[in-house]
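# Observations on the model geometry
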Amino acid sequence: MAENDSTKNSVAPTLQVAKRLEKFKTTIFTQMSSLAIKHSAINLGQGSPNFDGPDFVKEAAIQAIRDGKNQYAPGCGVPDLNLAVAERFKKDTGLVVDPEKEVTVTSGCTQAIAATMLGLVNPGDEVIVFAPFYDSYEATLSMAGAVTKSITLRPPSFSAPIDELRSLVSKTTRAILLNTPHNPTGKMFTREELDAIASICIEHDVLVFSDEVYDKFAFEMDHISIASLPGMYERTVTLNSLGKTFSLTGWKIGWAIAPPQLTWGVRQAHSFLTFATATPLQHAAAAALLAPDSYFEELRRDYLAKKSILVEGLQSVGFKVFPSSGTYFVVVDHTPFGQENDVAFCEYLIKEVGVVAIPTSVFYLNPEEGKNLVRFTFCKDEQTLRNAVERMKEKLIVNTH
């Protein structure tokens, strides 16, 4: 047996993956997080808070487990949570939706995105995304057999190039994938931009998939759901989740809100992806969404303080910091420090400085477009942010050549 084992292990096996996922490597977040651990670096890369969610939500989950709410939930969600999602959506947008027919609970927003793509997009359909974009978008569109087209939001303002969007829409365009507030740039789409996108969609009969997980992290302006604009609810799937707002990213509770004709497709895919989502956590999520306005006001206030520590710190170190109106991310130009590109800079930052950022080139169809930019997150406690800034002040030197 020993001889056979050594023969078997002498050649490394070829890693096998379906063609549709061939181009997608280990996610950048996994790569950077493992480097961070190796070098004891402060992780301002992955958007995962280093503090816990509120006690009242955790207690609700514990209570649900004790009350025996531990078997499969209905595929589309626990009724209490569907109702809470509908009530929160009404409060935020003024839209009244049917919790039974128009709300689908998913295992995080990433799975809501997957169910939406797989349930509503046909092979060969074109879907337009705004680059830079969250890395699951392109991978999920590839799984759906869609053709991904991208339009680039460029610094410093990251404004939406509406004329470019208009010229890219064609007979094969099925949907526009929108993310506001926008990861990684922190851009919030303005009323004018959303109106323009809406009129293009209505004119060409195009759907919108709107990822709004950072809607409670709106600092410079009010968040607007495109579904609330005239003529848009019937062609929009609004995607959101619990994890960011309540610092419970490991719970993976998300949802999709859409009119019945679109919900049908989302649910068809959802039922064969995960079927249902963790039952006790759904009961707790319902309690969370019914939190008083003061919770969301305090959240915003806390994050504004964190944001100013990081932004002022990054500026004082010598980065060019671009404005971030929402989310808990900020994008900077790393070129003052003389590294070749964003990946080289992030590796240098981890190994030599002991801080993690995310290279943004992975968020573009053409990586060249992101080579000067890196993303930092401020979803960490204030001392961690200060420590990271101190490390950078101490060890990062602007290259004056």
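What comes next concerns the included structure. (Residues numbered from 1 in each chain as written. Predicted model: local features only at pLDDT ≥ 70, side-chain atom pairs only at ≥ 80, totals over all residues. Heavy atoms only, no water.)

## Some words on the nonpolar core
One finds Phe 130, Ile 197, Phe 209, Phe 246, Phe 319, Phe 376 and Met 392 to be the most contacted residues of the largest nonpolar core, which totals 127 residues. It is helix α12 (residues 293-317) that contributes the most residues to this core, nine residues altogether. (Core = buried A, V, L, I, M, F, W, Y, C linked by side-chain atoms within 4.5 Å. Buried < 20%, exposed > 50% of the residue type's maximum accessible area, 1.4 Å probe, protein only. Helix = DSSP H or I, 4+ residues; strand = E, 2+ residues; numbered from the N terminus.)

## Brief notes about the sheet that holds strand β12 (residues 358-359)
Taken in spatial order, the four strands make up an open sheet running β9-β10-β13-β12, and their pairing is antiparallel. Because the sheet does not close on itself, it has two edges, and the strands there are β9 (320-321) and β12. The pairing of β12 with strand β13 (residues 373-377) spans two bridges and is antiparallel. When the sheet's bridge partners are listed, Ile 358 is paired in β13 with Arg 375. Running over the sheet, α12 touches β9, β10 (329-333) and β13 and is turned about 10 degrees from β10. (Pairing = 2+ DSSP bridges. Contact = heavy atoms within 4.5 Å. Axes fitted to C-alpha atoms, helices over the stretch in contact; angles between N-to-C directions.)

## As for the packing of aromatic side chains
Tallied over the full model, the rule gives 21 aromatic pairs. With 6.0 Å between their ring centres and 90 degrees between their planes, Tyr 72 and Phe 275 make a pair best called edge-to-face. With Tyr 72 in the loop between α3 (55-66) and α4 (79-93) and Phe 275 in the loop between α10 (260-273) and α11 (279-289), the pair connects residues that are 203 residues apart, well separated along the chain. With relative accessibility at 37%, the residue Phe 275 sits in the partly exposed group. (Phe/Tyr/Trp six-rings, centres within 6.5 Å; stacked < 30°, edge-to-face > 60°.)

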